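Here is what each chain is made of, one letter per residue.
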Amino acid sequence: MKGMKRVQSFVLLSFFVGSCLAVLVSVPEGASARTPHVPIYINGNAGFTPANGVTGGSGTPADPFIIEGWEIDASTAHGIAIWNTDAHFVIRDVYVHSGFRDYDDIVLAFVSNGSIEDSLLSGEGIGISLGESNNDTIRSNVITDNLAGISLGLSVNINITANDVTNNREDGIHVYYSDNNVFTANNITGNNRGIWVDESDGATITGNTISNNSLDGLRLRHSESAVVRANRFIDDGVYLDSFVVPDFNSHTITPDNLVSGLPIYYYKDRSGLDINGIQAGQILVANCSDVKISNLTIAGTDAGIELVFAPGAIVETSSVSDSLYGIFLAYSDNVTIKANRFNGNGWGVFPARSTNLAITANNISDSDSYGIFLGYCDETTISNNSVYNNSEGIYLYYSTNTTVYHNSIVGNVNQSYDNMGADNSWDDGYPSGGNYWSNYTGVDQFGGPNQDQPGSDGIGDTAYSIDTDSRDRYPLMAPRDTPPIITHTPHGDVSVNEAIIITANVNDDTGVKVVYLHYMAVGASTFVEVRMIKTTGDTYEATIPIQTEPGTVYYYINATDDAGNEARHPQTGEHSLQVAQKENPPLSDMTMILMVVTGALLAVIAIIAAVILFLKKRKKRGEEK
């Protein structure tokens, strides 16, 4: 689970960074390199004096004031605080430490033309705090073990480059009401959030490594026109958060942003989009209609699939695991989420402020927080899902006209919640019934709509209570078996004589009995059935024989669970892959040269051999005479 992984990563990172800092503090060379100094406070350009720690410079662009080489204990005041200046200055190679929550390492307020470089900042407050400042630079600093790393408020045109921002208890970098700032080549690791851009437009975020932050890697909240390029995410990703369209569809987010080596795909302002079976680290969809997402496998990011302002979307037969959200959906009506697997996420399925949803036949398990969280939604059907081993099972929050039935709700810490009472229904009436609850303690001795007729009917005789005004009137005595869930990324094209290995994840609430691959070889007219072998976890594998001629191979996957339910992938039709004739690669210039040289050498050798043979024969004739 992402949450657990992040806790482990956080602990390991804390140990590592703490050990490094201990070394830095204890090494005599480091201590002797910096001279102890009291906290520095400068208000106005006239405050740049030797008494306030200035070691050189005159404050011009070519000769900035220098504050350099100090070690400052910030336990009684901000380490360095500079206010109301526009002179050029550089703070570099300082070590500020031991601050409390009320004191930050470095504070700039109403400051322009400043630079903070090559410093080590560690304390209980904020590493670097900028307020109402502009045209400043923060470069090549180590900012660690603070309450927060870098904070920008009401500040513009700030360049934050090549910093290590690690192991801070809240945000690595928090930007609020601050436009047109640049974040480049930073390492932002092990914080609560990585970069949080809040109510701030025009951010440029490029070439950063953002990894193992507990919540979001990069959160863009109520912000427009961000440019996000070539960032490397590990157990993190991009999360878009707002309630108006421009905050979602005005960004530039390119596929060279990678989550564990796989691209982030950002789609906006499209209709009829079909995202099927691609290799993706994350899917972001904004202001698109009639989108179909299928056959994806995503792991270790923020929102595996995020759909906002995406009416008519269908998400099916996909798998998202070990992420903050399996799927996040908002402001999107008439959406279907079916036959997916969401395992080990913080939140499994999270729809918000949407209408007419169908959440059906999904496997949702081991969520740190919620299996299904329905917030401010209307007219939703939640049916035939397996919801198990989550912290919260099915959670209805200010959602109305919701019908919940035929789900297996098993082993969750809190099975269910509903704060709207009679506005929702937790069963499908009689005789269809309600849900299976693993902690239901009732018996089944009677039947009928009032459960007062002799003879059992598979429905509990007493209702299952969710809270004082919500109940499942017809709890099922046994799980209602649902078909297996198959998630598979279609195989790409191959060349003649190349191996074709098909893999798929198959999951079922009662157990998978057998999985078969059906394939039609090049030039064949019938399908061949091959049993797929379980390798690791829920992964099954089978091989299509090597094809010796070009053409098209067709295949599909069929799975049966222990209860006899079947599933097929794709649900209709077949997957196909092209077998192409392998072309001989063109010879490089070096290869051509080597061939010519080799040919020439062989020719010379042949000539020498011929000459030697001729001389031997001539000598022999002479001896015979």
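Our subject is the structure listed above.
Structure report, in brief. Bear in mind that the values here come from a model prediction, so they are computed numbers and not experimental data.

What counts and how
Residues numbered from 1 in each chain as written. Predicted model: local features only at pLDDT ≥ 70, side-chain atom pairs only at ≥ 80, totals over all residues. Heavy atoms only, no water. Pairing = 2+ DSSP bridges. Helix = DSSP H or I, 4+ residues; strand = E, 2+ residues; numbered from the N terminus. Polar contact = N/O pair within 3.5 Å; in protein donor to acceptor, adjacent residues only side chain to side chain. Buried < 20%, exposed > 50% of the residue type's maximum accessible area, 1.4 Å probe, protein only. Phe/Tyr/Trp six-rings, centres within 6.5 Å; stacked < 30°, edge-to-face > 60°. Lys NZ or Arg CZ within 6 Å of the ring centre and 35° of its normal.

**Digging into the sheet that holds strand β3 (residues 54–56)**
- Strand order in the open sheet formed by 10 strands is β3-β4-β7-β10-β13-β16-β19-β22-β25-β28, with mixed pairing between adjacent strands. Taken across any chain shown, the strands that pair with only one partner, and hence form the sheet edges, are β3 and β28 (252–253).
- Two elements, β3 and strand β4 (residues 65–68), share 2 bridges in a ladder whose sense is antiparallel. Residue pairing for β4: V54 is matched across the bridge by I67.

**Notes on the side chain of D444**
- Following the sequence through the fold, D444 ends up in the loop between β51 (436–437) and β52 (446–447).
- For D444, the side chain forms a polar contact with the main-chain nitrogen of D457, separated by 3.2 Å.
- Looking at D444, its side chain comes within polar contact range of the main-chain nitrogen of G458, at 2.7 Å.

**Here's the deal with the pairing of strand β32 (residues 282–286)**
- Counted residue by residue, β32 has 5 buried out of 5 residues, so it is predominantly covered.
- With 5 bridges joining them, strand β30 (residues 262–268) and β32 adopt parallel strand pairing. In the strand pairing of β32, I264 is matched with Q282.

**Things to note about the packing of aromatic side chains**
- Scanning the entire structure with this criterion turns up 29 aromatic pairs.
- Relative to F350, the ring of F328 lies with its centre 5.1 Å away and its plane at 90 degrees, an arrangement referred to as edge-to-face. Here F328, found in strand β38 (residues 325–330), pairs with F350, found in strand β41 (residues 347–352); they are 22 residues apart in sequence, far enough to count as distant.
- Classification of F328 by relative accessible area gives buried; the value is 8%.
- Arranged with centres 5.3 Å apart and planes meeting at 70 degrees, the rings of W347 and F373 form a pair that is edge-to-face. Placement of W347 in strand β41 and of F373 in strand β44 (residues 370–375) is noted, with a sequence separation of 26 residues between them. Accessibility assignment for this pair places W347 and F373 in one class, buried.
- Clustering of aromatic rings is evident, with ring pairs tying together Y239, Y325, F328, W347, F350, Y370, F373, Y376, Y395, Y397, Y398 and Y417.
- The residue whose ring lies beneath R193 is W196, and the NZ or CZ to ring-centre distance is 4.4 Å.

That is the geometry; function is a separate question.
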